[in-house]
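Okay, here's what each chain looks like letter by letter:
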Amino acid sequence: MRMPDADGEIMVDDVPIKEINLQDARRCISVLGQSPVLFSGSLRKNLDLMEQFQDADLWRALEDVQLTQFVKRLEGQLDHEMLEHGANVSVGERQLICLARVLLQQNKIIILDEPTAHVDPDTEQTIWNVVREKLRDSTVITIAHRLKTIKYCDMILVLKNGEVDEFDRDLDFWFSTFSMKEGNMISPIFFSQQELRDYKSGGDDEKLWQDGGEWHENVW
């Protein structure tokens, strides 16, 4: 998002983003962060800020994020008035509304910054299901602090002191050599093949690291 510009080069389709008009660059990227961004005004306006879409498009996006019945129960439905920051709906509902907005934008680059950090487990599952099923045609960049967040990623990029430390598509290799920051120390994490298989099939990431032959829990 160029806030600030990177010291190195960031390329999109072999074009340095520094050479792209700032507003155009931001317009082609959708962001879903930890804290939902909603405004006072109608639900319709929050979904479609530029008034580009038909009601059918809005309802389709709401259906994709499993909010159809919720919105139908609201007074005014799409014209329901939202309070500043979406204070009159739950945190999970706010985040799903923001996800519906991302689906409507249909951008080719999506940045997910721990979007499930503050939602309940059911909403978290809904969000990741939508990401996997509805954003297949986009490049999704996921900023994560938990292993299960990156479980379905094709590539893993590790940044250390603002520079690329590791970049690999071999997830087995990455999970076996990954280094995590623990205070001011960088400690290696080792996974047995069985634990790695258990993790990839839905295991508990809070128990999936080893130090000196002992398994540790609740490290995230």
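Residues numbered from 1 in each chain as written. Predicted model: local features only at pLDDT ≥ 70, side-chain atom pairs only at ≥ 80, totals over all residues. Heavy atoms only, no water.

Novice: Could you give an account of the overall build of the chain, with specific residues and numbers?
Specialist: The helix and strand tally for the chain stands at eight helices and 13 strands. A separation threshold of at least 6 residues defines the contact pool for the chain, and within that pool the share at least 24 residues apart is 56%. In the structure as shown, the chain presents an accessible area of about 13600 Å², 48% of it carried by carbon and sulfur atoms. (Helix = DSSP H or I, 4+ residues; strand = E, 2+ residues; numbered from the N terminus. Contact = heavy atoms within 4.5 Å. Areas by Shrake-Rupley, 256 points an atom, 1.4 Å probe, with all protein chains shown as cover.)

Novice: Tell me about the packing of helix α5 (residues 91–105) against helix α6 (residues 121–134), and please be specific about residues and values.
Specialist: Where α5 contacts α6, the axes come no closer than 10 Å and their chain directions differ by 5°. Here α6 runs roughly parallel to α5, going by the angle between their axes. Here α5 contributes Gly92, Gln95, Leu96, Leu99 and Leu103 to the contact with α6, which in turn contributes Thr123, Thr126, Ile127, Val130 and Lys134. Grouping the amino acids of the contact of α5 with α6 by side-chain chemistry returns five nonpolar, four polar and one charged. (Axes fitted to C-alpha atoms, helices over the stretch in contact; angles between N-to-C directions. Parallel < 35°, antiparallel > 145°, perpendicular 65-115°, else oblique. Nonpolar A, V, L, I, M, F, W, Y, C, P; charged D, E, K, R; others polar.)

Novice: Before we move on, can you summarise the nonpolar core with the specific residues and values?
Specialist: Generally speaking, nonpolar side chains in soluble globular proteins are found buried as a group. Within the largest apolar cluster, 31 residues are counted, with the highest numbers of intra-cluster contacts made by Leu43, Leu47, Val65 and Leu67. Mapped onto this core, the elements with two or more residues apiece are α2 (43–47), α3 (55–64), α4 (68–72), α5, β6 (109–113) and α6. Per-element accounting of this core gives the leading share, eight residues, to α5. For Leu47, the residues in contact, after removing those within four places along its chain, are Leu58, Leu62, Leu78, Ile97, Ala100, Arg101 and Leu104. In terms of nonpolar packing, the next biggest core, distinct from the first, is built from five residues, Leu147, Cys153, Ile156 and Val158 among them. (Core = buried A, V, L, I, M, F, W, Y, C linked by side-chain atoms within 4.5 Å. Buried < 20%, exposed > 50% of the residue type's maximum accessible area, 1.4 Å probe, protein only.)

Novice: Account for α6, with residues named and values stated.
Specialist: The end-to-end C-alpha distance of α6, which contains 14 residues, comes to 20 Å, matching closely the 20 Å that a straight helix rising 1.5 Å per residue would cover. All of the buried residues in α6 are Thr123, Glu124, Thr126, Ile127, Trp128, Val130 and Val131. Summarising the contacts, the buried residues of α6 are in contact with α3, α5, β6 and β7 (139–143). Capping the start of α6, Asp120 holds a side-chain oxygen 3.1 Å from the backbone nitrogen of Asp122, two or three residues further along. (Expected span 1.5 Å × (residues − 1). Polar contact = N/O pair within 3.5 Å; in protein donor to acceptor, adjacent residues only side chain to side chain.)

Novice: Explain the sheet that holds β7 residue by residue, including any values.
Specialist: With respect to topology, three strands assemble into an open sheet ordered β3-β6-β7, the strand pairing being parallel. Among the strands making up the open sheet, the edge pair consists of β3 (29–32) and β7. Ignoring strand direction, the axes of neighbouring strands in this sheet form an average angle of 15°. Contacts from α5 reach β3 and β6 within the one sheet, and its direction differs from that of β3 by about 170°. (Pairing = 2+ DSSP bridges.)

Novice: Account for unusual backbone geometry, with residues named and values stated.
Specialist: One non-glycine residue, Gln66, lies in the positive phi region at around 60°. Note on placement: Gln66 falls in the loop between α3 and α4. Assessed through its relative accessible area of 59%, Gln66 is described here as exposed. Backbone geometry at Gln77 places phi at a positive 50°, although glycine is not the residue there. For Gln77, the position within the fold is in the loop between α4 and β5 (81–82). A relative accessible area of 32% means that Gln77 is categorised as partly exposed.

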